[in-house]
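Secondary and tertiary structure notes
Single-letter residue listing:
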Amino acid sequence: MCRLAFWSMSLQCWDDALVSALVGWPPWLEASVQHSSQFWMANMYSKGTKRKFFDSVDAAMDNKAALYSRQRQSLLDMSLIKLQLCHMLVEPNMCRSVLIANTVRHIREEMTHDGSWQLVTEAFGGSGPSDHLVATEVLCRSSALEQQGGGPKLYSVMGYDGCREEEVVTDEALCSVTFSDGAPSLLGTIDHCWDRAELRMAAVENRVIKDSGSEVESGEGAKTVMGQVFGTFEIKNVAPGSDLALEELFSAVDASYYDLDTMLTSIQSTPKMGPYNLLDSMASSHGPTSNSSCRTDLSELDHIMEIIVGS
Amino acid sequence: MAGAGGGGNDVQWCFSQVKGAIDDDVAEADIISTVEFNHSGELLATGDKGGRVVIFQQELESKNQPLCRGEYNVYSTFQSHEPEFDYLKSLEIEEKINKIRWLPQKNAAQFLLSTNDKTIKLWKISERDKRPEGYNLKEEDGRYRDPTTVTTLRVPVFHPMDLMVEASPRRVFANAHTYHINSISVNSDCETYLSADDLRINLWNLEITDRSFNIVDIKPANMEELTEVITAAEFHPNQCNTFVYSSSKGTIRLCDMRASALCDQHSKLFEEPEDPSNRSFFSEIISSISDVKFSHSGRYMMTRDYLTVKIWDLNMESRPVETYQVHEYLRSKLCSLYENDCIFDKFECCWNGNDSVVMTGSYNNFFRMFDRGYRQDVTLEASRESSKPRSVLKPRKVCTGGKRKKDEISVDSLDFNKKILHTAWHPQDNIIAVATTNNLYIFQDRL
């Protein structure tokens, strides 16, 4: 099953790229590890997954740290999959979604704290496999722009599985694109995509394709990932001063479901301490649908369109 | 152990009745989603996932068996809500009944509020046991008589007929909630009630359906900042200006409607500081409050989170006065429970008539009672095996580690699909209604 394959591959990925610099993790986390270690051991081993321990020494501390980070990563993966699977016929349970989203934020904050977030990025930042250059390039480019400091506003496109509506907006005759920081909507992808984690996953799946050559599911998953990155632009009503006719047209739209989407996509916004403080550089206005609004440079938009069109 | 818990340490709980299908194949529509006694305890209402309400009535105690309480038999069944489709969002609106609340009885008819995710309905349940006969212009079957054949006048007379119970929708309160309604609560003034969804609470007048007043709104201006939702709300049983609402972060806010029109500012905030030794990634999830209930006296309130039941004194906000562990053995299993979504189960809780005992459900069809006075607790099971009439329920025990004693059940053997989310306690007597997935068990104390 794709999900299990993915999890096992993600573990291997961590093995390859992992940091041993997980020092000073708090004791309550240790307790958490110990509590769940039995579960995890059973879970991982029963799937027949080979785990590569770190080189040499295998101090008990390293093992624990590795185990803990694997546990945390798996929890993150699980949470993201749960969030994505809420696209059902019935509206998703908001309480459950909020709790899972908070868990994801919590994990992300912790990973940013101990630096493992950056390490993931560095592992895949510049050396993504060529098959994923499209996804990679856009996201890396966003990162590069950010590091140039200010400059053009950063954005991404959001893809939705079966996006139902597009609300076309004009904001002083400019088409604005709302964005999170460079990754597709959590809800829009079958496999989880999470900032650079998406790159990692894409890389992993590519590896699966290359290595096994028979993982159709993973292959399709990778394509889906890429497809979803550029799935659909979602353009939302932004400023109160927007075109009146369009406002009236969409005033009856009940945006509650999209509110949920928006809330969930906020998870993608980078943590305050991360190196990718995209949202900080953006002006935000509170439109009727309560989504953050950002202006974008038209030339940036053109470039993205070119990539999509594949010219 | 027998007799522990439940109104003194000499109460023994006996099986009384079970309602619902016997087979293990559960139809989705039959899953019970709410259980509620009326104010006298004579009527017991259940709602299910198929949008139906079934009301049971307690039979009058017969003279032959003065020590035996009356049985509950079906009194009325009706379809309260139908599935709807929201065309704008391309989403189904479930017909599942989330809550039923009875209104205090004012005349011969009974009234209850039932709600699904979006719409609240006021139902009138009335009896008809007489019918008029002897009309002048109509035949008995309703056909009109030829006026020329009418030569005498007579007065129609009421004749007894078989009892007929009619349920009719008297009010429909719709289109006031963008998010899913989780609670309704009738005010002690018997004129208003509140309805709460994930982000807002509305105040209604029972007579007026086209308007409601928003009294709490926690929706952030930017939905990306949403981290907390409303999980339950209830009016104070005596003070018509006071209500509480609980959140997914484990806080309870008490609001006074006299303070301001919009009660976003709470009057009191009840929150227990987090225990640092128990912190984990799941801390927030298990602190999310799934139910809040005032005591009958109005002095205390009870909250249910995933692992505990807490009793709060309304005069003390800093911490609960009592904490009861429902199934602490699950703390080491939180990761698995997160994976299979059980960690999001919303258990309810209830008080007994004199506020001395509280009850809540657990897994494996277990339910727990905590006697506040005697500091005793007991675990009982609602199962077909222990369903012989008037058989005394045997206390159950979960073995947490080490050697499993006889009759104990180990944590790993628990069936997490068999969960008791809804329980209700008769307002005066020791009669309890416990809902398993699709069966309703009624237990009473041994007289």
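Bear in mind that the values here come from a model prediction, so they are computed numbers and not experimental data. (Residues numbered from 1 in each chain as written. Chains lettered and ligands numbered in written order. Predicted model: local features only at pLDDT ≥ 70, side-chain atom pairs only at ≥ 80, totals over all residues. Heavy atoms only, no water.)

1. Digging into the overall build of chain A
Going by this rule: Here a helix means four or more residues in a row that DSSP labels H or I, a strand means two or more in a row labelled E, and each is numbered from the N terminus. When a residue's accessible area, from a 1.4 Å probe over protein chains only, is under 20% of the maximum for its type it is buried; when over 50% it is exposed; and in between it is partly exposed. We get accessible surface area from the Shrake-Rupley algorithm with a probe of 1.4 Å; when it comes to residues, only the shown protein chains can shield them.
The secondary structure content of chain A amounts to eleven helices and zero strands. Taken across its 311 residues, chain A has 56% of its residues classed as buried. Here chain A displays about 13000 Å² of accessible surface, and carbon together with sulfur accounts for 57% of that area.

2. Let's talk about the overall build of chain B
Operational definition: The contact definition used throughout considers only heavy atoms, calling two residues in contact when any of these lie within 4.5 Å.
Assigned secondary structure in chain B consists of two helices and 32 strands. Sorting the 447 residues of chain B into buried and exposed places 53% on the buried side. Put simply, of all contacts in chain B between residues at least 6 apart along the chain, 54% involve residues at least 24 apart. Accessible surface computed for chain B: about 20400 Å², of which carbon and sulfur atoms make up 47%.

3. Details of the confidence of the model for chain A
For clarity, the cut-off: Confidence scores here are pLDDT values: one per residue, from the predictor, ranging 0 to 100.
Averaged over all residues, the pLDDT of chain A equals 51, while 20% of them reach at least 70. Here residues 126-242 of chain A is modelled with pLDDT under 50, and outside its nearest four sequence neighbours on either side it reaches 265 contacts, counting other chains as well.

4. Details of the pattern of salt bridges
All names here are of chain B. This is how it is decided: Between Lys or Arg on one side and Asp or Glu on the other, a salt bridge is scored when a side-chain nitrogen of the former is within 4 Å of a carboxyl oxygen of the latter.
In total, this model carries 34 salt bridges over all chains according to the counting rule given. Across the pair Asp 210 and Arg 211 runs a salt bridge, and its minimum N-O distance is 3.6 Å. The same class applies to Asp 210 as to Arg 211, namely exposed. Residues Glu 274 and Arg 279 are paired through a salt bridge, measuring 3.7 Å at the closest nitrogen-oxygen approach. Glu 274 gets classed as partly exposed once you look at its relative accessible area, which sits at 48%.

5. Observations regarding unusual backbone geometry
Residues and elements named next belong to chain B. Positive phi, normally seen in glycine, also occurs at Asn 364, with a value near 60 degrees. Structurally, the position occupied by Asn 364 is in the loop between strand S25 (357-361) and strand S26 (366-371). A positive phi is found at Arg 375, a non-glycine position, where the angle reads about 55 degrees. Mapped onto the fold, Arg 375 is located in the loop between S26 and strand S27 (376-381).

6. As for the sheet that holds strand S32 (residues 440-445) of chain B
Residues and elements named next belong to chain B. Short version of the rule: For two strands to count as paired, DSSP must find a minimum of two bridges between them. In this description, a line fitted to the C-alpha atoms serves as the axis of each element, helices being fitted only across the stretch in contact, and the angle between N-to-C directions of two axes falls anywhere from 0 to 180 degrees.
Strand order across the open sheet formed by four strands is S1-S32-S31-S30, with antiparallel pairing between neighbours. Taken across any chain shown, the strands that pair with only one partner, and hence form the sheet edges, are strand S1 (13-19) and strand S30 (422-425). Across the sheet, the mean angle separating the axes of adjacent strands is 20 degrees when strand polarity is ignored. The pairing of S30 with strand S31 (residues 431-435) spans four bridges and is classified as antiparallel. Following the sheet pairing, Thr 423 is matched in S31 by Val 434.

7. Here we look at empty space enclosed by the protein
Basically, it comes down to this: The pocket and cavity definitions rest on a 1 Å grid over protein atoms only: a 1.4 Å probe that fits but cannot leave marks a cavity, an open set with protein on both sides within 12 Å along at least five of seven lines marks a pocket, and residues lining either have an atom within 4 Å of a point. Grid points are joined across faces, edges and corners, and a volume is the space filled by probe spheres set on the points. Throughout this entry, Asp, Glu, Lys and Arg are counted as charged residues, while Ala, Val, Leu, Ile, Met, Phe, Trp, Tyr, Cys and Pro are counted as nonpolar. The remaining residues, Gly among them, count as polar.
For the structure shown, the criterion picks out 14 cavities of 30 Å³ or more. As for the second largest cavity, its lining consists of 14 residues, of which B:Ser288, B:Ile343, B:Phe344, B:Asp345 and B:Lys346 are closest to the centre. No other element matches helix H4 (residues 94-113) of chain A, which puts three residues into the lining of the second largest cavity. When grouped by side-chain class, the residues that make up the lining of the second largest cavity number seven nonpolar, three polar and four charged.

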